[in-house]
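Listed below, chain by chain, are the residues.
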Amino acid sequence: MEYNFREIEAKWRSFWAAHETYRVTEDPSRPKFYVLDMFPYPSGAGLHVGHPLGYIASDIYARYKRLSGYNVLHPMGYDSFGLPAEQYAIQTGQHPAITTEQNIARYRDQLDKLGFCYDWSREVRTSSPDYYKWTQWIFKQLFDCYYDNTTKKAERISGLVQQFEANGNAGVSACTDCETIFSAAEWSAYSPQQKEAILQEYRLAFLADSWVNWCPALGTVLANDEVVNGVSERGGHSVEQKLMRQWSMRIKAYADRLLTGLDTVDWTDSIKDMQRNWIGRSEGAAVRFKVQGHDEEIEVFTTRPDTIYGVSFMVLAPEHPLVDQITTDEFKEGVDHYKKISALKTERDRQSNVKNISGQFTGAYAIHPFNGSQVQIWIGDYVLASYGTGAVMAVPCGDQRDYDFAKHFNLEIINIFADVDISAEAYTEKDAVIAHSEFLNGLPAKAAIKKAIEEIEARGIGKGRVNFRLRDAVFSRQRYWGEPFPVYYENELPQLVDDAFLPIELPEVDKYLPTEDGEPPLARAERSAWKWFAGDRMEHNTMPGWAGSSWYFLRYMDPNNTQEFAGKDKLEYWREVDLYIGGSEHATGHLLYSRFWTKFLYDQGYIPFDEPFRKMINQGMILGRSSFVYRVSHSNTFVSASLKDQYEVTPLHVDISLVENDKLDIEGFKAWRAEFAHAEFICEADGSYLCGHEVEKMSKSKYNVQTPDELVDKFGADTLRMYEMFLGPLEQSKPWDTKGINGVYNFLRKLWRLFYDQNGNLLVTNDAPNPESLKTMHRTIKKISDDLDRFSFNTGVSNFMICVNELTEQKCHNAQILKELSILLSPYAPHISEELWAILGNAPGTVGTQPFPVFNEAFLVESSFSYPVSFNGKMRFKVDLSLDLTAKEVEDHVMAMPETAKWLDGNTPKKVIVVHGRIVNMVL
RNA sequence: GCGGAUGUGGUGAAAUUGGUAGACACGCCAGACUUAGGAUCUGGUGCCGAGAGGUAUGCGGGUUCGAGUCCCUCCAUCCGCACCA
């Protein structure tokens, strides 16, 4: 009887479903373990073989932890709001909910085929009203809180208002954009509109006019992490800077804690560093410069206050609010022109023209706060409006960009470094001694920075300050398929919808496009289309994709709770995710936002932990292996790979299903597309057409997508699971190649043959296991658990192969051994393990809840060791010696051997190193 | 430019603490068997060499009895960030 994976896998899939084998409930008597996958966006293309890589690893680990006695939470769901379903809706008019539903069904089917042990009763979907009710609820809490720098946590706005009423805002230390200082009396005199405008500058979720990444092609704003190389991450459309009234999240408030929290989690250095860079903490000082002839002052941020005597000019961002005020009539035209050009430039243009120095003098002068000299004020787009104060003090001798700017516009360069040559470039190291700088003279940079800040503060012209690159995250999108805000407007004041009326559900609209006047799609909804409506209008924006994914891991703990986002007892039991597996592409998006929300919910006492993901592993990307045919230019003739250099050719992607071992299925190719029906071929000598190949990202457009479905169909889920693990270390990215899958398939068949012979006779015996087999088994137990503990799934598969090879050699069909092997293998290959477990006479469906086999070192004890004997570190021969021999006895034995005499060639070794049970080395 | 990672056979890779480099598998070569199968079994397979042997973990150096592993210089590839003051 052959290994019939089709029958076996179908049988156990339905058994597990019928018996709810993987359902979990809270159980205080057992320790918990939470294993989480990054939930997928259910796209129309379905899963390719790259997607399940991480899911397989986490599934193996979850099963391993279950065997080890843990109560394991291992859920799955869908990040089901998003762009593709909406684009499809725009094109076809079909409601995105329908597309989403279909895609989810396809995903579920594909996931089920792989035999994952998800507790599907806990499934979440971000687009389900039962779920986004709580996304809206969390938004409300963020709206109703501010960040208090004194208590170092989020606090309620009502407390802030009390402070304003009692003392104004002078004594409040909060994370805010508010620069106005007001007294209690002034506060109470403000109109409701004015009060709300001020509160918006404190709220953690707030409305503000801000410079945003506007993507005209998508008709929406994008967050910084959604803009890559100056174009939109999705679709690659150009992005420009625009001042718009948008919802934002004051993530800056958490910058410091997001940074320090990284020290407490077990993530890779690369992800941590990406987040650190993204947060971009820099220490320095804010210094105010007076503008000659104006009351206004310009504040700059610098990390090098020690170089302040090197300031020879100042540069403002073109968008800086004071530019118009200070520009003199003479330069007005030039400044206006420059501002216009900058505004038209897309983000990409600004980035790609790094070496293009441009700027414009404003005609205004600032007064140097220490030496009183006049410094020209310029505008230039190398200064960013959104970083620091949007203005810099230019120190050409110490900053290369300032240096280049000064050279280009022939501005003064003052050298304030002792014994440093700056004739060719700026000196940017922090190790020079400061000169020509009055009270800073003779100090090395580090001491000078400290001294300069003290002096700046003493003179009241500025302050030491820590600045972050991290910007507040834009939180609204001009889209249909996202969470509606629980907000309505009265006299243009945003009002929160009462909890009792949540969720605010998406209203039906006639079209999914923005309105003719550029309003978001929700503006199309009739008043009656809203199930709940108040005020003058509802909020028309929707939340971004990262809203729902910032807290989904909490909902799995209590997915059907209608009273809370998750019950206190459940949160207290499951706590943070113990193991999170997913791609590293979310380093500065999802992984930062979910940490932010977690810290906020912790501050407000809703959850008992402030980091969501204790340990994270980032699986590598599985790349596709694309195949190419080579079309001779201006013809319908294709030339085989080895001959292509003799022609002028264009490579074309060809569907990998038409190619086997680089050989093209010519008839299939002709039938593939009408344009190729009459193609001619210039072939190899043997008449075959060879394709070229290249490793690329897997994508539909490259025709290199391999779906798991066809492989499951051909080889079974257990084989695919093990093969994906066998490919190499989980974290490494690797090209997909099915060549080796036979090896894994053969392994499972070989395993099967330990149970049945070719004629279907059961071979299992019940006699006592022999010592050899026990040794094999216990060595395997040790290796498999060690491999799992260090997430080395690929060597795990190898060790199973070694084990089965050895047992086959030993003709071992012993029930006790095979029983342990079935348990051991069940995390990797759950279907066949259940089958074998049942064959051995155990209760069906219970292999996954057995105790993990106990390693007994006694079976491994060896009496002798084959010592490698090396000379000057080169191994020459081996000798079997008893492990009872002492080092001296080993040495004596080896010295007496004829082989030793041969290699010594008459010499006496200077030294003989004997490491007991390891090696003998002679030093000549 | 800054930060992170990775370089080992024809291929995917292994070597967890410095101790036999290449486990396991693919592929390839030779053979056996046969109900000719994507089957199974046996032997071989880093490179050079007929062999003895030599040589080999990106390059070059160092530490050590002994280095893929530790230290230094350099090179290449991949990923992330990038006018961040």
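You'll find the structure just up there.
What you see is a predicted model; the values in this text were computed from it and never measured. (Residues numbered from 1 in each chain as written. Chains lettered and ligands numbered in written order. Predicted model: local features only at pLDDT ≥ 70, side-chain atom pairs only at ≥ 80, totals over all residues. Heavy atoms only, no water.)

Observations regarding unusual backbone geometry
What counts here: Strands here mean DSSP runs of E at least two residues long; helices mean DSSP runs of H or I at least four residues long; both are numbered from the N terminus. To sort residues, take the accessible area from a 1.4 Å probe on protein chains only and compare it with the maximum for the residue type: under 20% means buried, over 50% means exposed, and anything in between is partly exposed.
Residue Leu502 is joined to Pro503 through a cis peptide bond whose omega torsion reads -5 degrees. With respect to the helices and strands, Pro503 occurs in the loop between strand E19 (493–496) and strand E20 (537–538). Not every positive phi belongs to a glycine, and Asp419 is a case in point at roughly 55 degrees. By secondary structure assignment, the location of Asp419 is in the loop between helix H14 (400–409) and helix H15 (445–458). The exposed category is assigned to Asp419, whose relative accessible area is 82%. Despite not being glycine, Asn491 has its phi angle at roughly 50 degrees, a positive value.

Considering the sheet that holds E20
Spelled out, the test is: Two strands pair if DSSP finds at least two bridges between them.
The strand order E19-E18-E20 describes an open sheet built from 3 strands, whose pairing is antiparallel. With one partner strand each, in any of the chains shown, E19 and E20 form the two edges of the open sheet. Here strand E18 (residues 487–490) runs beside E20; their pairing, made up of 2 bridges, is antiparallel. Bridging across to E20, Tyr489 finds its partner in Arg537.

Observations regarding the pattern of salt bridges
Two side chains bearing opposite charge may form a pair once their charged atoms approach each other closely. Note the cut-off: We define a salt bridge as a contact between a side-chain nitrogen of Lys or Arg and a carboxyl oxygen of Asp or Glu at a distance within 4 Å.
Applying the stated criterion across every chain yields a total of 54 salt bridges. The residue Lys290 makes a salt bridge to Glu297 at a minimum N-O spacing of 3.7 Å. We classify Lys290 as exposed; its relative accessible area is 52%. Taken together, the shared-partner salt bridges connect Arg257, Arg595, Lys599, Asp603, Asp610 and Glu611 into one network.

Here's the deal with the side chain of Asp119
As a reminder of what qualifies: Distance and chemistry together define a polar contact, namely a pair of N or O atoms within 3.5 Å, with one atom able to donate a hydrogen and the other to accept it when in protein, and with adjacent residues in sequence counting only for side-chain atoms on both sides. Contacts between residues were defined by any pair of non-hydrogen atoms, one from each residue, lying within 4.5 Å.
By the element assignment, Asp119 lies in the loop between helix H4 (96–113) and helix H5 (129–143). Among the polar contacts made by the side chain of Asp119, one reaches the main-chain amide nitrogen of Val24 at a distance of 3.1 Å. A polar atom in the side chain of Asp119 sits 2.6 Å from the side chain of Ser121. In contact with Asp119, not counting residues within four places along its chain, are Tyr22, Arg23, Val24 and His74.

Some words on the sheet that holds strand E34 (residues 919–923)
Note the following rule: A fitted line through C-alpha atoms serves as each axis, taken over the contacting stretch for helices, and the angle formed by two N-to-C directions is quoted from 0 to 180°.
Taken together, 4 strands build an open sheet; the order of strands is E32-E31-E34-E33 and the sheet is mixed. Edge positions in the open sheet fall to strand E32 (874–882) and strand E33 (911–915), since each of these has one partner strand only. On average, each strand axis in the sheet is inclined to that of its neighbour by 20 degrees, with strand direction left out of account. As paired elements, E33 and E34 share 5 bridges and run antiparallel to each other. Residue pairing across strands places Val915 opposite Ile919, the latter belonging to E34.

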